[in-house]
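The lines below spell out each chain.
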Amino acid sequence: MTYQILLQVHIAYLGHNHHEDPVLTTQHHMQLLSSLFDSEDEARDALIYSYKHSFSGFAAKLNSTQAATLSGSNSKGNAEFVGYEGVVSVFKSRLLKIHTTRSWDFMGLALDHQKETPMQIEYCEDIVVGIFDTGIWPESDSFKETPYMKPVPSQWRGVCVAGEQFNHTACNKKLIGARFYINGYESQVGPLNTTKNLEYRSPRDHVGHGTHTASIAVGVPVANASFLGLARGLARGGAPMARLAVYKICWNPGFCAEADILAAFDDALVDGVHVISASLGTPAPLPGFFASSSDIGSFHAAQRNIVVVFSAGNAGPEPTLVQNVPPWSICVAATTIDRIFPTELVLGNNKTIMGEGLAVEQMKLPLVEGEASSTSGTCDINQLKEKEIRGKAVLCFSTMGSTVSSTAAAIAVYLAGGSALIFADSPTRQEAQVSLLPTIFVDISQGTQILSYVQTSRAPTMQIGQTKTSVGRVPAPTVAYFSSRGPSSIAPNILKPDISAPGVNILAAWPTNLPPSSFPVDDNRVKWNLMSGTSMACPHVAGVVALLRAAHPTWSTAAIKSALMTTAYTVDTSLDKMLGGGVTKPADPFDAGAGHVNPLAALDPGLVYDVETSDYISFLCGMGYSEQQIRKIISLPPGTNATCPAYPVDTADLNYPAIVVSNLQSTTTVRRTLRNVGWPNAIYFASVVNPEGVEVMVWPRMMAFTKYIKKISYHVTLTPLKNSKGRYDFGDIVWFDGYHHVRTPLVVCVNNTMNIDVVDPSRHQSI
């Protein structure tokens, strides 16, 4: 093994840029790096990025000994906060993954010729939304400048970087900036493969994900958009007048190097963006806050009052797998909207079953049971018998043999020459999806009926009807089964996800040279595609944040998050409690955060929870960081005390728009402060829904605001009334002034039973 093979990309984070001069900052980085090599030339060759604008740090190719020396640690693993020569943390650059129309009407932002929502049309011309993703397809109608667009805002300092099949003229008054970052990716993965048209060395999108998310956030209105005739309507982003800046950090098939992510943050924070949308993340176990490029970048964005919105991840419905959990950014879960795609299935015995899918034309096919036509008894790849499958509709169950996903089953049927897939799965997991061939979802009960017909018929057949688009006939929203759930695995007293937004079968722009299924053998080409994931939920919230930033330019990032969370709703269109997808129970705050985003209500929240620098200092003290470490990280306003108190700091006391006590052993009191942003003279009264087995006392129960009294604190005392261990219960506190409902989720885990006696169930038999 050679010396070069031992080198890996590491990121050295030095905290706040105290030099402020980019040239001096880079010189300092080279001095540190040169001390690890025999010559300055070797150090220069090892350097990948110098982060010198928005914060201080660098990415370089180092071996484990050099990384340990730089961090001041003898450990071979990642070291966070070791404080050697001004270094805050040193960690390997990981490869993160992307989290892969009607939704805006569903959210109350209608836009048609008769009724225009003024804030979508009139606001945001001076707001710039940065999209961190796989790039952009600039020719899409979503990103065309319109005749009524004003010149590019004068405060914009970004650039339009030319590259492969992307020149400066691709940018316009709508798409005002485009950059790409590949040094980290190529240092970790190897040279980019452009010979087989697998990628573009430029901001141009060859995955489709970035084009889709950008269209959701800020796409201009485009009439008559559809996916092969389905979901037809007016497509547009949440902030269609906002400007778009693209930062391509992810590369086919959707990997994003942390070194590149941090470089994008370094540029974006000085380019002049107001909002950043990043639909990406790393799976558990999560690194510490300052050993993660996303957490570091979003922290320094918050210091500059730039809102960063992340996706929660697609690892649901199991708990504690939520990603992107720092308190200074917004984490978004995914929900359904009230649009489905019913597809009628008629068996040869004339029995009709209604499934859901995306069949663009009617088909009548022979029908076969997949498991019976498989060498392994499952609908898995390379297991189906081609002679028995070719030209037929294939029935597969998710529950047969080893668990098989609908995507794997569709590939298996396609490779065996099948013409359609009927996939039977749990009713909580049914979701129409773009695939290689028509895929129709039915529940297990329906699948069992189809199976019975196949097994009792000599020549079973099925007619698959053309899919229709149905709106308003199913309760919505429901939390998507795939959406990652809380609690946070590294900061359990901070509610994550924060909020939920549409993320299932969202129609948005798509590169016209890419197959909608993302499989190269797919011959279809579309301008608009349907995609699902928390990746789609994230830009929905980013679009709303752009509207809030335009309407309230002086609000802090924390105030904007508070407005979103305290005005969120938790009921569906039937006025029943919103369901948690993947299960048949009402959603709780670990599923949907504070609830589903409500853009119109968020414009006028009445009261907000604000977070100042001193609050973050206390929070970091509570997380175990020292005064010395905090001073390196934070740009301290004059007179700010960065000293950690001698007594333990409870992270539950951060002035967050949710109260989470993850370890309630005895009576505990937490404090919150509300700022009035509504009517100057307002009186609010508190109402409380107690979590099960917990007594909640709020004092004071009434708050009177005037033009002189704009901030008031209240205390919440929690007393356990039961013996319990490891179980979370949920309630809320609502402040009401006759118009505004300021709702704060209340999440408590009672942990006062240290030794639980084992009960013999035989002693409790029914008689």
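Quantities reported herein were computed from a predicted structural model and do not represent experimental measurements.

*Asks:* Explain unusual backbone geometry residue by residue, including any values.
*Replies:* A cis amide bond, omega 5 degrees, links Ala 284 with the succeeding residue Pro 285. In this structure, Pro 285 sits in the loop between β15 (280-281) and α10 (293-303). In this model, Gly 316 is joined to Pro 317 through a cis peptide bond whose omega is 0 degrees. Its place among the elements puts Pro 317 in the loop between β16 (307-311) and β17 (330-335). Positive phi, normally seen in glycine, also occurs at Asn 224, with a value near 60 degrees. Positionally, Asn 224 belongs in strand β9 (residues 222-227). Even without being glycine, Asn 305 reaches a positive phi, approximately 65 degrees. Of note, Asn 305 is situated in the loop between α10 and β16.

*Asks:* Lay out the pattern of salt bridges in plain terms, naming residues and giving numbers.
*Replies:* Scanning all chains against the criterion turns up 23 salt bridges. Lys 248 serves as the salt-bridge partner of Glu 199, at 2.9 Å between the closest nitrogen and oxygen. In this pair, Glu 199 is assigned in the loop between α7 (183-189) and α8 (209-218) and Lys 248 in strand β11 (residues 243-248), connecting sequence segments 49 residues apart. The exposure class assigned to Lys 248 is buried, which follows from its relative accessible area of 0%. Close ionic contact of Asp 588 with Lys 585 constitutes a salt bridge, the shortest N to O distance being 3.2 Å. Residue Asp 588 is classed as buried on the basis of its relative accessible area, which comes to 16%.

*Asks:* Describe in detail the pairing of strand β10 (residues 230-235), supporting the description with residues and values.
*Replies:* One face of the sheet, then the other: side chains in a regular strand alternate in exactly this way. Two strands pair when backbone bridges link them, and β9 and β10 are joined in this way by 3 bridges, in the antiparallel orientation. Bridged to Val 222 within β10 is Ala 235. In this antiparallel pair of consecutive strands, β9 and β10, the connection spans 2 residues, and Leu 228 shows a positive phi of 50 degrees.

*Asks:* Describe the packing of aromatic side chains, listing the residues and the values that go with them.
*Replies:* All chains considered together, the criterion is met by 21 aromatic pairs. Taken together, the aromatic side chains of Tyr 13, Phe 289, Phe 290, Phe 299, Trp 328, Tyr 616, Phe 619 and Tyr 625 make up a single cluster linked through ring pairs. For Arg 204, the ring lying beneath its charged end belongs to Trp 137, and the centroid distance is 4.6 Å.

*Asks:* An account of the sheet that holds strand β7 (residues 128-133) is needed here, citing residue identities and associated values.
*Replies:* Spatial ordering of the open sheet is given by β8-β11-β7-β14-β16-β17-β27, a layout of 7 strands whose pairing is parallel. Either end of the sheet is taken by a strand with one partner, and the two such strands are β8 (175-180) and β27 (499-502). Here the average twist between neighbouring strands, direction ignored, is 25 degrees. Across 5 bridges, β8 lies against β11 in parallel orientation. When the sheet's bridge partners are listed, Arg 179 is paired in β11 with Tyr 247. Set on the sheet, α8 makes contact with β7 and β11; between it and β7 the angle comes to about 155 degrees.

*Asks:* Outline the sheet that holds strand β23 (residues 420-425), supporting the account with residue identities and numerical values.
*Replies:* Pairing is mixed in the closed barrel, where 7 strands are placed in the order β19-β20-β24-β23-β22-β21-β25. On average, each strand axis in the sheet is inclined to that of its neighbour by 35 degrees, with strand direction left out of account. Sheet analysis places strand β19 (residues 342-347) next to strand β25 (residues 461-464), joined by 3 bridges and oriented antiparallel. Residue pairing in the sheet places Val 346 in a bridge with Gln 463 of β25. Sheet strands touched by helix α12 (residues 406-415): β22 (393-397), β23 and β24 (439-443). Its angle to β23, the strand with the most contacts, is close to 150 degrees. Where helix α13 (residues 444-456) meets the sheet, it contacts β19, β20 (352-357), β21 (363-369), β22, β23, β24 and β25, and its direction lies at approximately 105 degrees from that of β24.

*Asks:* Quick rundown of the packing of α8 against helix α14 (residues 534-551)? Include the residues and the values.
*Replies:* At a minimum axis separation of 7 Å, α8 and α14 run at an interaxial angle of 35 degrees. Taken as a pair, α8 and α14 cross one another with a handedness that is right-handed. Contacts from His 209, His 212, Thr 213, Ile 216 and Ala 217 in α8 reach Ser 535, Met 536, Pro 539, His 540 and Gly 543 in α14. Looking at the contact of α8 with α14 residue by residue, the classes come out as 4 nonpolar, 6 polar and no charged.

*Asks:* Now, about the state of the cysteines: what can you tell me, with residues and values included?
*Replies:* Summed over the entire model, instances satisfying the criterion amount to 4 disulfides. Each sulfur in the disulfide pair Cys 160 and Cys 171 lies 2.0 Å from the other. A torsion of 80 degrees about the S-S bond marks the disulfide between Cys 160 and Cys 171 as right-handed. In this pair, Cys 160 is assigned in the loop between β7 and β8 and Cys 171 in the loop between β7 and β8, connecting sequence segments 11 residues apart. The disulfide partner of Cys 379 is Cys 396, and the gap between their sulfur atoms is 2.0 Å. One quick way to see it: the torsion about the S-S bond of Cys 379 and Cys 396 is about -85 degrees, and its sign makes the bridge left-handed. Here Cys 379, found in the loop between β21 and α11 (386-389), pairs with Cys 396, found in strand β22; they are 17 residues apart in sequence, far enough to count as distant. For Cys 396, a relative accessible area of 0% translates into the label buried. Of note for the protein: the bonded cysteines, numbered N- to C-terminal, pair according to 1-2, 3-4, 5-6, 7-8. Take Cys 331: it sits in no disulfide, and the sulfur closest to it among the cysteines is that of Cys 538, at 9.0 Å. The class for Cys 331 is buried, based on a relative accessible area of 0%.

*Asks:* Quick rundown of the environment of Ile 381? Include the residues and the values.
*Replies:* Following the sequence through the fold, Ile 381 ends up in the loop between β21 and α11. A relative accessible area of 32% means that Ile 381 is categorised as partly exposed. Separated by 206 residues in the primary sequence, Ile 381 and Ala 587 place their C-alpha atoms 35 Å from one another. Excluding its chain neighbours within four sequence positions, the residues that come into contact with Ile 381 are Ala 408, Ile 411, Ala 412 and Leu 415.

Cut-offs used in this document
Residues numbered from 1 in each chain as written. Predicted model: local features only at pLDDT ≥ 70, side-chain atom pairs only at ≥ 80, totals over all residues. Heavy atoms only, no water. Helix = DSSP H or I, 4+ residues; strand = E, 2+ residues; numbered from the N terminus. Salt bridge = Lys/Arg side-chain N within 4 Å of Asp/Glu carboxyl O. Buried < 20%, exposed > 50% of the residue type's maximum accessible area, 1.4 Å probe, protein only. Pairing = 2+ DSSP bridges. Phe/Tyr/Trp six-rings, centres within 6.5 Å; stacked < 30°, edge-to-face > 60°. Lys NZ or Arg CZ within 6 Å of the ring centre and 35° of its normal. Axes fitted to C-alpha atoms, helices over the stretch in contact; angles between N-to-C directions. Contact = heavy atoms within 4.5 Å. Left-handed = near helix turned anticlockwise from the far one by under 90°. Nonpolar A, V, L, I, M, F, W, Y, C, P; charged D, E, K, R; others polar. Disulfide = S-S within 2.5 Å.

Without other data, these values stay purely geometric and don't point to any function.
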